[in-house]
Structure formats: structure tokens, C-alpha cells
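Architecture at a glance
Take a look at the letters that make up each chain.
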Amino acid sequence: VFFRSCFPETGDWIAIYETGYDASTLVFEDSIDWAYTCGDKRCQNAVFSEVIPFSADSLFASGGRGSPTYQVHLMRDGLGPSYSALASSTEFVVVGRERDC
């Protein structure tokens, strides 16, 4: 996932959700996978832009909780339990391994 943040802050993170969640009230526990914008789940440095690798396995392991489409959201660390996305991707589909191109 490529992102660019004009005003990055320490603790910003990227999360993948199934399509259909309200981007203004996202709950961390509903995310399929996530990483801080510096690239993993430990660092918390402020990053202007980066490519964050996510494994398609995490999407397949989610068990297809209903939606075959996903969205990526740029989040700002806060008090929770819900978060408002700073930016969101368009919907996308991950093609399974059984569907070779």
C-alpha cells in the first residue's frame, strides 16, 4: 500500500477494512490488518510517504467476513475506541491464489 501524508505525526497507522465500514467511526478490532506508517507494528515514527507491504494471506485468513472488497484507511493514533480516517482508498479486490492470471 502506498500512502502520502502531508502532515504526518508519530503513531499514524494504515489499516485494511472490508468495504462498508463508516470511515468516520472505524473500530480498531474490525480491521483485518494494520501497520504504523513506518512499516511495522512496533515503530511509531512520523513518515511523509511510504510503501507498506501487507500479505494477501491476512485477507484470506479473515474468513471473508461478508464483503469481497476492501479499503485502506490512514489513521491517526488517538484515544479510541473509534477512529476517523484521515484518508481512505477506493475499493479494491484481492484475487485468490486459485485464480491465476
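Residues numbered from 1 in each chain as written. Predicted model: local features only at pLDDT ≥ 70, side-chain atom pairs only at ≥ 80, totals over all residues. Heavy atoms only, no water.

Points about the overall build of the protein
A tally of regular secondary structure across the protein gives one helix and nine strands. Overall, the protein shows an N-to-C arrangement of helices and strands of β-β-β-β-β-α-β-β-β-β. In the protein, the proportion of contacts linking residues at least 24 apart, taken out of those at least 6 apart, comes to 62%. In the form shown here, the protein has an accessible surface area of approximately 6100 Å², with 53% of it arising from carbon and sulfur atoms. (Helix = DSSP H or I, 4+ residues; strand = E, 2+ residues; numbered from the N terminus. Contact = heavy atoms within 4.5 Å. Areas by Shrake-Rupley, 256 points an atom, 1.4 Å probe, with all protein chains shown as cover.)

Comments concerning the pattern of salt bridges
Counted under the stated rule, the structure contains four salt bridges. Note that Lys41 and Asp33 form a salt bridge whose closest N and O atoms lie 3.0 Å from each other. Across the pair Arg42 and Asp40 runs a salt bridge whose closest N-O atoms are separated by 3.6 Å. The class for Arg42 is exposed, based on a relative accessible area of 69%. In this structure Asp40 comes out as partly exposed when scored by relative accessible area, which is 26%. One connected set of salt bridges, linked through shared partners, spans Glu9, Asp12 and Arg76. (Salt bridge = Lys/Arg side-chain N within 4 Å of Asp/Glu carboxyl O. Buried < 20%, exposed > 50% of the residue type's maximum accessible area, 1.4 Å probe, protein only.)

What to know about the nonpolar core
Judged by nonpolar contacts, Phe3, Ile14, Ile16, Ile32, Ala35, Val47, Ile52, Leu59, Tyr70, Val72 and Leu74 together constitute the single largest core of 11 residues. Counting residues per element, the ones that place at least two in this core are β2 (13–18) and β6 (69–75). With three residues, β6 is the single largest residue contributor to this core. Grouped together as the second largest cluster of nonpolar side chains are 10 residues, Leu26, Trp34, Met75 and Tyr83 included. (Core = buried A, V, L, I, M, F, W, Y, C linked by side-chain atoms within 4.5 Å.)

Overview of the packing of aromatic side chains
Under the defined criterion, the tally for this structure stands at seven aromatic pairs. Ring centres of Phe28 and Trp34 lie 5.6 Å apart, and the angle between their planes is 70°; this geometry places the pair in the edge-to-face category. Residue classification places Trp34 among the buried residues on the basis of a relative accessible area of 17%. Site record: aromatic cluster; members linked through ring pairs are Trp13, Phe28, Trp34, Tyr36 and Tyr83. The residue whose ring lies beneath Lys41 is Trp34, and the NZ or CZ to ring-centre distance is 5.3 Å. (Phe/Tyr/Trp six-rings, centres within 6.5 Å; stacked < 30°, edge-to-face > 60°. Lys NZ or Arg CZ within 6 Å of the ring centre and 35° of its normal.)

Observations regarding the state of the cysteines
Within this structure, the stated rule accounts for one disulfide. Each disulfide pairs two cysteine sulfurs, and for Cys38 the partner residue is Cys43, the sulfurs being separated by 1.9 Å. The chirality of the disulfide connecting Cys38 with Cys43 is right-handed, given an S-S dihedral of about 115°. (Disulfide = S-S within 2.5 Å.)

Some remarks on the environment of Glu50
Mapped onto the elements, Glu50 comes out in strand β5 (residues 49–51). Each C-alpha atom, one on Glu50 and one on Val1, is 8.1 Å from the other, the two residues being 49 residues apart in sequence. Leaving out residues up to four positions away in the same chain, Glu50 has contacts with Val1, Phe2, Phe3 and Thr37.

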